[in-house]
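# Descriptive analysis of the structure
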Amino acid sequence: MAIFEWRQRRRPLDGGVTRRRHLFRPLYSRKLKRMILFAVVFLAIFPPLFFHLKLRRFRQIVARKCDWLHRPPLVCAHGGDSTRAFPNTMDAYSYAIRSQVDCIEVDVSRSSDGVLFALHNRDLQRIARNSSVQVGDLSMKQIKELDVSQIVRGTLGNRRIPTLEDALAVISNSVRQVILDAKVGPPMYEKGLAQDILSVIEKAQCKNCIVWAKSDSLARDIIKQAPDITVGYIVMVDPSTGVRNNLLRMKGARVVGVYHPLTDEKLVRAAHRRNKEVYAWTVDDADPMKRMLHLGVDAVVTSDPAMFQGLMEDLRTECLEEGFSIRT
Ligand SMILES: *[C@@H]1O[C@H](CO)[C@@H](O)[C@H](O)[C@H]1NC(C)=O
């Protein structure tokens, strides 16, 4: 009843005005007005909104491409600069040091008489021209007699295979970090190997040496014997079972060396949550190099450090040109 009365009262006031308007203006003018209003509202809202979203998307793309600049990964030269010299030779180390890499990975194998060399079975087989020989088959004397210049021309002068101690004397003070990739092989396998490695590290006073190995038991031995040394273990697919080994399987180890195709955001996040650094190996092509940057790994091991450095430099320039600012 009350509403009815209110309508009754209201109608003459309001209705009077509208009726008068209707009398003087044609009907379409109201429609036109509404359309103009819509157009104004549309122009006021949508283009700025569109550009805002577009800009945000652009910023996201730039951030994805450039965020690694806040925390660039260590550039680790695999066996030194293996593109310009034979891997694990003094030449390869010199080239890597000259191009100012952050770190060098050295392959470590033990001779039959227990001396550690910066040498990989694969490289020994090339030098000795024998596809079945292993470092542990030869004595220190036999290895020292081998001449690298027989298979690589243009050596800078040092034709001999360095012992680990010789290598560390040159490398350790010239880079931020040294990775010793400890190989296990005949005749002694793991017997006393952790001890031997630690004694060379101590003799060379290598404060920036970290040790990793495919052998978990060797890595664990190192952790047990030298809690101060940074140790890493390897994540890869077991060739016999086809299964990837567990990412977080070693408590005392601070570094996980991951075969680079297995790296993804989830893996990096999981490792970082457990306070472990992710070192991706061995990354020799541009696309996976970019992928490693986007994923924010802590170090990239590559046989071509100069190429990786060039790629990082190009990306840095692009990012700065696109307005990305690096926090300091
Ligand atoms: C290759 O190395 C193996 C292991 O040391 C040795 O038994 C063999 O005689 C070598 N072969 C040649 C052709 O030197």
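Residues numbered from 1 in each chain as written. Predicted model: local features only at pLDDT ≥ 70, side-chain atom pairs only at ≥ 80, totals over all residues.

As annotated in an unreviewed UniProt entry, the protein chain carries the name glycerophosphodiester phosphodiesterase and is attributed to Eutrema salsugineum. Here the protein chain is described in UniProt, under the heading Catalytic activity (unreviewed entry), as follows: "a sn-glycero-3-phosphodiester + H2O = an alcohol + sn-glycerol 3-phosphate + H(+)". (UniProt positions renumbered as here; feature names shortened; annotations may be inferred.)

### Here's the deal with the site of the ligand
Taken together, Asn130, Ser132, Val133 and Asp137 form the complete shell of residues around the ligand. Here the residues of the shell around the ligand sort into one nonpolar, two polar and one charged. (Near = placed C-beta within 6 Å. Nonpolar A, V, L, I, M, F, W, Y, C, P; charged D, E, K, R; others polar.)

### Structural notes on the pairing of strand β8 (residues 277-281)
Side-chain direction in a regular strand flips from residue to residue, so the side chains alternate between the two faces of the sheet. Burial runs high along β8: five of the five residues are buried. With burial as the criterion, each face of β8 is covered, one bearing Glu277, Tyr279 and Trp281 and the other bearing Val278 and Ala280. By the bridge criterion, five bridges tie strand β7 (residues 255-259) to β8 in an arrangement that is parallel. Within β8, the position partnered with Tyr259 by the bridge is Trp281. Each parallel crossover has a hand, and the one from β7 via helix α9 (residues 265-273) to β8 is right-handed. (Buried ≥ 20, exposed ≤ 12 C-beta atoms within 10 Å, placed from the backbone. Helix = DSSP H or I, 4+ residues; strand = E, 2+ residues; numbered from the N terminus. Pairing = 2+ DSSP bridges. Right-handed = clockwise from strand over helix to strand, strands pointing away.)

### With respect to the UniProt feature "transmembrane region" (unreviewed entry) in the protein chain
As recorded in UniProt, the feature "transmembrane region" (unreviewed entry) lies at residues 35-53. In the segment residues 35-53, helix accounts for 100% and strand for 0%; the C-alpha atoms at its two ends are 26 Å apart.

### With respect to unusual backbone geometry
Each neighbour pair has its own omega, and for Pro186 with Pro187 the value is 0 degrees, a cis peptide bond. The topology assignment puts Pro187 in the loop between β4 (177-182) and α7 (193-203). The backbone phi angle of Asn88 is positive, close to 60 degrees, even though this residue is not glycine. Within the secondary structure layout, Asn88 lies in the loop between β1 (74-78) and α3 (90-98).

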